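# Chain and residue survey
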Amino acid sequence: MAETGTTLNGQHQSAHAPGAPLGAAAAPVVTAPPGAGPVTTAPVTAPAPETRLPSVLIATRHGESTANVEFQLAEAAGALSVPISCRDADIPLSLHGRQQAQALGRWWAGLPSADRPRSVWCSPYVRTAETARIALAQAAGLGAVPVSLPVRYDERLRDRELGVLEMLPKAAIEAKHPEEAARRRKMGELYYRPPGGESWADVALRVRSLLRDLCAEEAGRPVLLVAHDCTVLMLRYALDRLTEAQLTALEPVRNCSTSLWRAADGRLRPAHWNETGHLAAD
């Protein structure tokens, strides 16, 4: 069976026969009749891999969550704990976060028809699911998208897992895990993996996996991703081929910001990043 493949931002992803060099085309088998002279064959040129990309890819971080509020208060006070007892996956939006999700839905409805997402991929966490649901209801209420538009939940879009550092403010990490705080500073955020948790590079691996599936299934369609600050950062890291220095120089991804890439010349190319103008009135 012929191999299949896709191109993700200029890098061809394919399966190949065991033992065959990557990118090599199979040589044809030619048998000469008895007594015939040497057989000359024309070189075989493998067809160019098909580029399968969404026409537009839009990524947003969830609206402000109740944990975002509690951590801001804790950081300002130098507190060693936050009053959160539920799982990270179960943290909901704040009232302001729900308002931000509504503003995102109005922005969605105001896009040109060709750019308006007809497909939504979302982290299964409560705060992202609420953001997607509220934004979709707002856009549908304005007649921009079908009210029955499905939302696909994918665990690869979940937030970074922090292991032993989960739900700890900065002051608490320095006080309770000074050796981890020092190791984090030495290794840098891209490669530091807390015990029981993930590094940014770990998140990048699952984001790249998701992109391959998304490109295969959503070719030619505008798509919205609803995720978290780290997953949106890793999306840009992968699509824009950033260096570690370029990545760490970026500002944090803002709640309900929009980042947009367009398919052009076989790649998803950035159009805008971390924009929040649509939230100005909220």
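Residues numbered from 1 in each chain as written. Predicted model: local features only at pLDDT ≥ 70, side-chain atom pairs only at ≥ 80, totals over all residues. Heavy atoms only, no water.

Looking now at the environment of R269. Note on placement: R269 falls in strand β8 (residues 267–275). On the accessibility criterion, R269 (33% relative accessible area) is partly exposed. Each C-alpha atom of the pair R269 and L239 lies 7.7 Å from the other, and the pair is 30 residues apart in sequence. If sequence neighbours within four positions are ignored, R269 has contacts with L260, W261, R262 and A264. Within polar-contact distance, the side chain of R269 engages the backbone oxygen of A264 at 3.1 Å. (Helix = DSSP H or I, 4+ residues; strand = E, 2+ residues; numbered from the N terminus. Buried < 20%, exposed > 50% of the residue type's maximum accessible area, 1.4 Å probe, protein only. Contact = heavy atoms within 4.5 Å. Polar contact = N/O pair within 3.5 Å; in protein donor to acceptor, adjacent residues only side chain to side chain.)

Note on helix geometry: an α-helix contains 3.6 residues per turn, so any two residues three or four positions apart are oriented the same way. Given a rise of 1.5 Å per residue, 12 residues ought to cover 16 Å, and the 17 Å separating the end C-alpha atoms of helix α1 (residues 66–77) matches this to within 8%. Taken together, the buried positions of α1 are occupied by A67, N68 and A74. One side of α1 holds all its buried residues, which, seen down the axis, span an arc of 130°. Those residues of α1 that are exposed and angled more than 90 degrees off the buried face are Q72, L73, A76 and A77. Backbone geometry just after α1 places G78 at a positive phi near 70°. (Expected span 1.5 Å × (residues − 1). Arc of directions from axis to C-beta.)

Another point: helix α2 (residues 95–109). Between the first and last C-alpha of α2 there are 22 Å, a value that for 15 residues agrees with the 21 Å anticipated at 1.5 Å per step. Within α2 the residues assigned to the buried category are G97, Q100, A101, A103, L104, G105, W107, W108 and A109.

Another aspect to go through is the packing of aromatic side chains. Applying the stated criterion across every chain, the model contains 1 aromatic pair. Measuring from centroid to centroid gives 6.4 Å for W261 and W273, while their planes differ by 65°, and the two rings are edge-to-face. Here W273 lies in strand β8 and W261 lies in strand β7 (residues 258–264), a separation of 12 residues in the sequence. Across the ring face of W121, the terminal group of R152 is positioned such that the distance to the ring centre comes to 3.9 Å. Cation over ring: R236 sits above W273, and NZ or CZ is 4.9 Å from the ring centre. (Phe/Tyr/Trp six-rings, centres within 6.5 Å; stacked < 30°, edge-to-face > 60°. Lys NZ or Arg CZ within 6 Å of the ring centre and 35° of its normal.)

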